Amino acid sequence: MFYISKTIADINDANFCIRYNSFGRLYQNFKSIGPTIRVVSQLRLSCNKQIRIWFKNGGSHSIDSQSICTLCSSNENEDLIHLLLYCHIYGPIRAHYFSELNINENNIHELLTIKSKYHLNKLYFYIIELLKLRAFIVNE
């Protein structure tokens, strides 16, 4: 770890080359938001059959998108749109994190398109809270 820290410090001090200096800052920024990007990227890559979220610490969540949601009484499939927009069990969490966004099925791509670190964090913490609540209810 010391070697990596020393290398990053050397890169940051490398005023002779702007490219190396930029790389050092980029690496430090990515290191701090890496887990959030990973979770949101996996969410964006989910398919019609299954939503899988893997965490760096080895934990994972898997949701069968073709089965009926057992948490609410809507009789809808537990797909990405249902999780993000319609399942009333997640309504309070959704209201807390997405209150300023006007998201519906037609513009869900705007929710999954990261525009800022603030937006990224809102989506990430919504997903984390959603998965915690789901795991508690389903007893996973």
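Residues numbered from 1 in each chain as written. Predicted model: local features only at pLDDT ≥ 70, side-chain atom pairs only at ≥ 80, totals over all residues. Heavy atoms only, no water.

Student: Mind showing me how you'd approach a nonpolar patch on the surface here?
Tutor: Judged by side-chain polarity, Phe 136, Ile 137 and Val 138 come together as a nonpolar surface patch covering roughly 300 Å² of accessible area. Relative accessible area serves as the criterion here: at 42%, Ile 137 is assigned to the partly exposed category. (Patch = residues over 30% accessible without salt bridge, like charges linked within 9 Å, V, L, I, M, F, W, Y side chains within 5 Å. Areas by Shrake-Rupley, 256 points an atom, 1.4 Å probe, with all protein chains shown as cover. Salt bridge = Lys/Arg side-chain N within 4 Å of Asp/Glu carboxyl O. Buried < 20%, exposed > 50% of the residue type's maximum accessible area, 1.4 Å probe, protein only.)

Student: Please clarify how the nonpolar core should be interpreted in this entry.
Tutor: Side chains of nonpolar character tend, in soluble globular proteins, to be buried together. Counting 30 residues, the largest nonpolar core has Leu 43, Leu 84, Tyr 90, Leu 123, Tyr 126 and Ile 127 as its most contacted members. Broken down by secondary-structure element, the contributors of at least two residues to this core are α2 (18-44), β1 (50-54), α3 (80-86), α4 (91-98), α5 (108-112) and α6 (117-138). Ranked by residues supplied to this core, first place goes to α6 with eight residues. For Ile 127, the contacting residues outside a window of four places in its chain are Val 39, Leu 43 and Leu 84. (Core = buried A, V, L, I, M, F, W, Y, C linked by side-chain atoms within 4.5 Å. Helix = DSSP H or I, 4+ residues; strand = E, 2+ residues; numbered from the N terminus. Contact = heavy atoms within 4.5 Å.)

Student: Looking at this model, I keep getting lost on the pairing of β1. Mind explaining?
Tutor: Strand residues, when the strand is regular, have side chains that alternate between the two faces of the sheet. Because side chains alternate across β1, one face comprises the buried residues Ile 51 and Ile 53, and the other comprises Gln 50, Arg 52 and Trp 54, none of which is buried. Where β1 and strand β2 (residues 60-64) come together, five bridges link them in antiparallel fashion. Note that in β2 the partner of Trp 54 across the bridge is Ser 60. Here β1 hands over to β2 after five residues, with Gly 58 in that stretch at a positive phi of 105°. (Pairing = 2+ DSSP bridges.)

Student: Would you mind showing me how to read the pattern of salt bridges here?
Tutor: Opposite charge on two side chains permits pairing when their charged atoms draw close. Under the definition given, this model contains two salt bridges. The partner of Glu 78 in a salt bridge is Arg 134, with the nearest N and O atoms 2.9 Å apart. With Glu 78 in the loop between β2 and α3 and Arg 134 in helix α6, this residue pair connects regions lying 56 residues apart in the sequence. Under the relative-accessibility criterion, Glu 78 is labelled buried at 3%. Measuring nitrogen to oxygen at the nearest pair gives 3.9 Å for the salt bridge that ties Glu 129 to Lys 132. Here Lys 132 and Glu 129 lie together in helix α6, a separation of three residues that amounts to about one turn. A residue is classified by how much of its surface remains accessible, and Lys 132, at 52% relative accessible area, is exposed.

Student: Would you mind going over the side chain of Ser 46 with me for this structure?
Tutor: Note that Ser 46 resides in the loop between α2 and β1. A polar contact is formed between the side chain of Ser 46 and the backbone oxygen of Leu 43, at a distance of 2.8 Å. Setting aside residues up to four positions removed in sequence, Ser 46 forms contacts with Ile 51 and Leu 80. (Polar contact = N/O pair within 3.5 Å; in protein donor to acceptor, adjacent residues only side chain to side chain.)

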